[in-house]
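# Analysis of the macromolecular model
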Number of protein chains: 4
Amino acid sequence: MDTREEKASRMFGCSDNERALFEAGIKMGTVYHQFVGTPVDRTNVKALEKAMEASIKVQPFVESVKIKIILDEKERSDTYDYVSLTGDMIDAMVKIRVNRASVTAEMRYDEELGYPLMYVSEVSL
Amino acid sequence: MDTREEKASRMFGCSDNERALFEAGIKMGTVYHQFVGTPVDRTNVKALEKAMEASIKVQPFVESVKIKIILDEKERSDTYDYVSLTGDMIDAMVKIRVNRASVTAEMRYDEELGYPLMYVSEVSL
Amino acid sequence: MDTREEKASRMFGCSDNERALFEAGIKMGTVYHQFVGTPVDRTNVKALEKAMEASIKVQPFVESVKIKIILDEKERSDTYDYVSLTGDMIDAMVKIRVNRASVTAEMRYDEELGYPLMYVSEVSL
Amino acid sequence: MDTREEKASRMFGCSDNERALFEAGIKMGTVYHQFVGTPVDRTNVKALEKAMEASIKVQPFVESVKIKIILDEKERSDTYDYVSLTGDMIDAMVKIRVNRASVTAEMRYDEELGYPLMYVSEVSL
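Position numbers for residues start from 1 in each chain and track the written sequence from start to end. Chains and ligands are labelled by the order in which they are written, letters from A for the one and numbers from 1 for the other. Per-residue local features are limited, in this predicted model, to residues with pLDDT of at least 70; the limit for side-chain atom pairs, both in listing and counting, is 80 or more; totals at the level of whole chains, interfaces and linings are taken over all residues. Excluded from the side-chain calculations are hydrogens and water; all other atoms, namely the structure's heavy atoms, are used.

## A look at the environment of Glu 5 of chain C
We apply this condition: In this text, helices come from DSSP runs of H or I with a minimum length of four residues, and strands from runs of E with a minimum of two, each type numbered from the N-terminal end. Burial classification: accessible surface area is computed with a 1.4 Å probe over protein chains only, and a residue below 20% of its type maximum counts as buried, one above 50% as exposed, and the rest as partly exposed.
Structurally, Glu 5 of chain C is set in helix H1 (residues 4–10). With a relative accessible area of 24%, Glu 5 of chain C lands in the partly exposed category.

Okay, here's the thing in structure tokens:
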């Protein structure tokens, strides 16, 4: 009897390498769209980074993940002095492995682009 | 010069007690709609509960918050064996204080209703 | 046999008026935390406003809801020229009715506070 | 002077084809993690599908997108009779184009896997 992974991989019309790229994209979309909007200040930034990393690791084919939230860590002056997480604050790195194919993707705000770019930094087979 | 809280409270056409009820609702909506969809299994459930609690505490007027995710904590059998957080899995309690008014709200799946009910369990002035 | 609403209302330790305030808060939390992060430019802003309104109306006790997204509606200059919805862009009004109690809540970026304030603008019984 | 796309593409350590696969994954992650949790019944299902499609189209490199929400469209019996969108209800197809490379990805609940599988259905160069 086939495993679920054997069944799933038959759905893919592409190589392990190509699949790893697709999976890397999924994880980047998850990091961004699941967590943007979360209230954050310096009291919870570490807990949030850790929960984001741990939830991405739960998804299939994640070898490692590193999340850093870029936060202006000044003292809060009043009850309204916190922010909602935006994409521009996220610095992320995810390494995907599908069999022998490996892909590293990163996301970070690019000053020159004025955009939180998600990109593939390494592909190896 | 007025503080931001003095300015904000002038926007409210209601008492501290009424405002505490409104704030309690906001927090419940945040717990649900920010985090539902997050990948979860037994490896990250504690980190996720902690991050949810800490992010709610960042919002204004939260005195205390307790989140429990109800998860079937069996061993994972394969890479697809995890779930996305649903409202039915969330057991939450938030205590709000606005000056001397205090409100406790809770959310939990109600078997009889077949619905993850958010409700006000205590109002005190 | 009791209806679900009869069962649910017994969970509440407060009046209809107080419950309407709590429900108004839930809806505001939903508007913000479900939709912040959504990609938006002038091509989809109306569809997004409409979908936000319609999804809030699905929730219990909503009499009416109005959402306006404040968007700089300039022409896109390239593929990166769009934004993710933030709380500061949302102008929302929700009217809740629980039996004879009615509450109107609003959310909008307050320049003086530098904060997207959610507040109760009207309570009537 | 370089365009933003020229700057962005230099960040990628891979071909157009590989980049299209990564972009397809991002869109699938967005569909899922931005919108799961949204309240839905038959009154708003069309508006939600349309808003999901339109917001994905705003993202870079999307040639076409089709979203179908699988909903049990029975009459509502009471105020609690609606659901929150889950991944299992989403049937999505996204076609990405990066220069001459084109990738089609799909997501749909797979009965045999018991999992809402995102997969690459076509790669063409």
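## A word on helix H3 (residues 45–58) of chain C
Here is the rule: Every helix has an expected span of 1.5 Å times one less than the residues it contains. In this description, contact between two residues means that some pair of their heavy atoms is separated by no more than 4.5 Å.
Between the first and last C-alpha of H3 of chain C there are 20 Å, a value that for 14 residues agrees with the 20 Å anticipated at 1.5 Å per step. By the criterion of burial, H3 of chain C is predominantly enclosed, with eleven of the 14 residues buried. Elements in contact with the buried residues of H3 of chain C: helix H2 (16–35), strand S1 (39–40), strand S2 (62–69) and strand S4 (90–98) of chain C together with strand S1 (39–40) and helix H3 (45–58) of chain D.

## Things to note about the interface of chain D and chain C
We count it as follows: Simply put, the buried area is the total loss of 1.4 Å probe accessible area from both parts when two parts are fitted together. We define a salt bridge as a contact between a side-chain nitrogen of Lys or Arg and a carboxyl oxygen of Asp or Glu at a distance within 4 Å. Note on residue categories: nonpolar means Ala, Val, Leu, Ile, Met, Phe, Trp, Tyr, Cys or Pro, charged means Asp, Glu, Lys or Arg, and polar means any other residue, Gly included.
Of the residues lining the interface, 30 residues belong to chain D; the matching set on chain C comes to 30 residues. Among the residues chain D hides against chain C, the three largest losses belong to Arg 4, Val 58 and Tyr 80 of chain D. Together they make up 28% of the total. Connecting chain D to chain C are two salt bridges. Among the residues making up the side of chain D that touches chain C, the classes are represented as 14 nonpolar, nine polar and seven charged.

## As for the relation of the copies chain A and chain D
Our working definition: Superposing the copies works by least squares over the C-alpha atoms of residues that have pLDDT at least 70 in both of them.
With an RMSD of 0.0 Å, chain A superimposes on chain D once it is rotated by 180° and translated 0.0 Å along the axis. On this basis, the relationship between the two copies can be described by a two-fold rotation axis. An overlap of 100% is found between the interface residues of chain A and their copies at the interface of chain D, pointing to a shared contact surface.

## Brief notes about the relation of the copies chain D and chain C
The operation relating the pair of chain copies consists of a rotation about an axis and a translation along that axis. It takes a turn of 180° to lay chain D on chain C, together with a shift of 0.0 Å along the axis; the resulting RMSD is 0.0 Å. A share of 100% of interface residues in chain D that are also interface residues in chain C marks the association as one of identical surfaces.

## Side note on the pattern of salt bridges
One pass over the full model with this rule turns up 52 salt bridges over all chains. The partner of Glu 53 of chain D in a salt bridge is Lys 66 of chain D, and the shortest N-O contact between them spans 3.5 Å. Of this pair, Glu 53 of chain D sits in helix H3 while Lys 66 of chain D sits in strand S2 (residues 62–69), placing them 13 residues apart in sequence. Residues joined by salt bridges that share partners form a network here, namely Glu 5, Arg 19, Glu 23 and Lys 27 of chain A.

## A few points about the interface of chain A and chain D
Listed as interface residues are 32 residues of chain A and, on the opposing side, 32 residues of chain D. Buried surface at the junction of chain A and chain D, both sides included, amounts to about 2,900 Å², of which 66% is carbon and sulfur. Our enumeration of links across chain A and chain D arrives at two salt bridges. Here Lys 7 of chain D ties to Glu 112 of chain A by a salt bridge, and the two come within 3.6 Å at their closest N and O atoms.

## Observations concerning the side chain of Ser 84 of chain A
Which entries qualify depends on this criterion: Any pair of nitrogen or oxygen atoms within 3.5 Å is treated as a polar contact; in protein, a donor-acceptor pairing is required on top of that, and neighbouring residues in sequence qualify only through side-chain atoms on both sides.
Within the secondary structure, Ser 84 of chain A sits in strand S3 (residues 83–84). At 3.5 Å, the side chain of Ser 84 of chain A forms a polar contact with the backbone oxygen of Gly 37 of chain A. Of the polar contacts made by the side chain of Ser 84 of chain A, one reaches the side chain of Tyr 32 of chain C; its length is 2.7 Å.

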